[in-house]
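Observations on the model geometry
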Amino acid sequence: MDITQNIKVAVDAVVFGYTDNSLKILLIQQKYGSEKDKWGLPGGFVKDNETLDKAVVRELEEETGINANYLEQLYTFGALERDPRGRVISISYMALINPNNYKIKAASDAKDVKWFSINEIPPLAYDHCAILKVGKERLKNKINYQPIGFELLSKEFPFSDLENLYQTILDKKIDRRNFRKKIMSFGFLEETDKIHKPASGRPAKLYKFNQNKYKELESKGFHFEIKFA
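Reference entry: report on the structure contained in this document. (Residues numbered from 1 in each chain as written. Predicted model: local features only at pLDDT ≥ 70, side-chain atom pairs only at ≥ 80, totals over all residues. Heavy atoms only, no water.)

If you walk through the whole model with that rule in mind, you get 17 salt bridges. With a shortest N-O distance of 4.0 Å, glutamate 216 and lysine 213 are connected by a salt bridge. Of the two residues, glutamate 216 and lysine 213 both sit in helix H5 (residues 211-220), three residues apart, roughly one turn of that helix. According to the relative accessible area criterion, lysine 213 is partly exposed, its value standing at 26%. Each member of the salt-bridge network shares a partner with another, and the members are Glu50, Arg58, Glu59 and Glu62. (Salt bridge = Lys/Arg side-chain N within 4 Å of Asp/Glu carboxyl O. Helix = DSSP H or I, 4+ residues; strand = E, 2+ residues; numbered from the N terminus. Buried < 20%, exposed > 50% of the residue type's maximum accessible area, 1.4 Å probe, protein only.)

Close contact between helix H3 (residues 159-170) and helix H4 (residues 176-185) brings their axes to 11 Å; oriented N to C, the two are set at 110 degrees. In terms of orientation, H3 and H4 fall into the roughly perpendicular class. In this structure, H3 contributes Phe159, Leu162, Glu163 and Tyr166 to the contact, and H4 contributes Arg176, Phe179, Arg180, Ile183 and Met184. Considering only residue class, the contact of H3 with H4 consists of six nonpolar, no polar and three charged. (Axes fitted to C-alpha atoms, helices over the stretch in contact; angles between N-to-C directions. Parallel < 35°, antiparallel > 145°, perpendicular 65-115°, else oblique. Contact = heavy atoms within 4.5 Å. Nonpolar A, V, L, I, M, F, W, Y, C, P; charged D, E, K, R; others polar.)

Quick look at the structure:
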């Protein structure tokens, strides 16, 4: 049976960051084509001689200047009319990074690059709203079976930062006493001898992640039922 195909394969990255008690998403401004000047997710076409993973790493570096330590594949988007340039299938990825550790820079076919608060997203190019929605749901579900924070928080942080991170992702107030008790029971947080002195409020002890224990739980998974206030 003869099969005629004219299909291109692309990758798109949902890059989450966390700063100023706010969940952020990294977007690029399109430089060319029918979606010119619109904001969208970093990404592009896969080359003939590269894997999907290498393609998304390359596109992130080319368009944003970021080399993410954490990337996982999300979902495949293949609606017939998803891209006005023709038949394009996109494999989406999710990345988690600490924005303070990177200096973003637009290059390649990106006109600009910018962090946006998750609650202040502009209209997006192509079907990137649908891709972002899947990324947000994956992140929400992920915190029930895998520890979150190592890639998003500073190396040392007050415990309240971890609480705020979970509350921001879930968009709900959590039972703080129950949350603290459960988190500490997993053993991937270590108390340091340093004190955080905010501009306002009480000083607080700083914590850090035990990398070995964190990676062990990350690979094996864990069940973390979060109670809400």
